[in-house]
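Given next are the chains, with one letter for each unit.
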Amino acid sequence: IEDPDVKEFGRRVLREEYDGRYFRVTDNTARSSKSDAGIEKRTINEIIGKSRKWDFILDPYAGFGISAYIFSKNSERVVAVERDWETYSLLKENMMGIKNVECVNDDNTAYLQKCIEDGVKPPNLIDLDPFGGPAAQFLLTLEWMKDGAILCTNGQIEGVYRNSIGIKHLYPWVDKYAGHK
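Because the structure is a prediction, the values reported are computed rather than measured.

Visitor: Can you walk me through the nonpolar core in this structure?
Guide: Among soluble globular proteins, nonpolar side chains are generally buried collectively. Grouped together as the largest cluster of nonpolar side chains are 25 residues, with contacts concentrated most on Phe23, Leu91, Met95 and Val101. Within the residue set of this core, elements represented by two or more residues are strand 2 (11-18), strand 3 (21-26), strand 4 (54-59), helix 2 (66-72), strand 5 (75-82), helix 3 (85-94) and strand 6 (101-105). By residue number, the principal contributor to this core is helix 2, which donates five residues. Setting aside anything within four residues of it in sequence, one finds Phe23 in contact with Leu14, Arg15, Glu16, Tyr18, Phe64, Gly65, Ile66, Tyr69, Asn94 and Met95.

And the structure:
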């Protein structure tokens, strides 16, 4: 639901419906309902989330919290980490009333490192899903987790769809596919 008059943080804020619940999101390309890859990722999260009862799930790229919400349905505890203050503010609002989701405003790499250093019991599932590469975070999760699952997806195809600046040297074929799904 778009309301062009609602602006926060200099960006348009929209209400996005998912599963009968409304989430406040900004109008940007990372919105999970805005792309095929985002919709596919949401579907994967639904399948994984309901595949079993989870004790603890970590979502270190929480965004607006739709994945955290999905995971909260079958997990005792979900920690949603978001670095960007504006997005984190919307995440906190979106998670109001969901008792088993803890929102953290921090850099995910620093958060993972701190959990390791503090001896925090690792989660059963870590959802690594950046729009880019999660190499540093992946290595930290391998160090932290002795048992459990790492759900690792990324939005690199989104860069192809948008013809992102900075990837042409890595993927010379990008012009052939840019703007096409």
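Visitor: I tried to follow helix 4 (residues 108-117) on my own but got confused; where do I start?
Guide: The periodicity of an α-helix, 3.6 residues per turn, causes residues three or four positions apart to be oriented the same way. Every buried residue of helix 4 is listed here: Asn108, Tyr111, Leu112, Cys115 and Ile116. Relative to the axis of helix 4, the buried residues are bounded by an arc of 135° and lie together on one face. In this structure, the buried residues of helix 4 make contact with strand 4, strand 5, strand 6 and helix 5 (135-144). N-cap assignment for helix 4: the residue whose side-chain oxygen lies 3.1 Å from the backbone N of Thr109 is Asp107.

Visitor: Any chance you could explain a nonpolar patch on the surface here in plain terms?
Guide: Taken together, the side chains of Phe138, Leu139 and Leu142 present a nonpolar region at the surface, about 280 Å² in accessible area. Of note, Leu139 is situated in helix 5.

Visitor: How should I be thinking about the packing of aromatic side chains in this particular structure?
Guide: What characterises a pair of aromatic rings is the spacing of the ring centres plus the angle enclosed by the ring planes. In this structure the tally under the stated criterion is three aromatic pairs. With 6.1 Å between their ring centres and 90° between their planes, Tyr18 and Tyr69 make a pair best called edge-to-face. In this pair, Tyr18 is assigned in strand 2 and Tyr69 in helix 2, connecting sequence segments 51 residues apart. Under the relative-accessibility criterion, Tyr69 is labelled buried at 12%. Relative to Tyr69, the ring of Phe23 has its centre 5.5 Å away and its plane inclined at 70°; by these criteria the two rings are edge-to-face. Here the residue Phe23 occupies a position in strand 3, and Tyr69 occupies one in helix 2, the gap between them amounting to 46 residues. An identical accessibility class is assigned to Phe23 and Tyr69; each is buried. Here Arg21 stacks its cationic end above the ring of Phe23, 5.9 Å away from the centre of that ring.

What counts, and at which threshold
Residues numbered from 1 in each chain as written. Predicted model: local features only at pLDDT ≥ 70, side-chain atom pairs only at ≥ 80, totals over all residues. Heavy atoms only, no water. Core = buried A, V, L, I, M, F, W, Y, C linked by side-chain atoms within 4.5 Å. Buried < 20%, exposed > 50% of the residue type's maximum accessible area, 1.4 Å probe, protein only. Helix = DSSP H or I, 4+ residues; strand = E, 2+ residues; numbered from the N terminus. Contact = heavy atoms within 4.5 Å. Arc of directions from axis to C-beta. Polar contact = N/O pair within 3.5 Å; in protein donor to acceptor, adjacent residues only side chain to side chain. Patch = residues over 30% accessible without salt bridge, like charges linked within 9 Å, V, L, I, M, F, W, Y side chains within 5 Å. Areas by Shrake-Rupley, 256 points an atom, 1.4 Å probe, with all protein chains shown as cover. Salt bridge = Lys/Arg side-chain N within 4 Å of Asp/Glu carboxyl O. Phe/Tyr/Trp six-rings, centres within 6.5 Å; stacked < 30°, edge-to-face > 60°. Lys NZ or Arg CZ within 6 Å of the ring centre and 35° of its normal.

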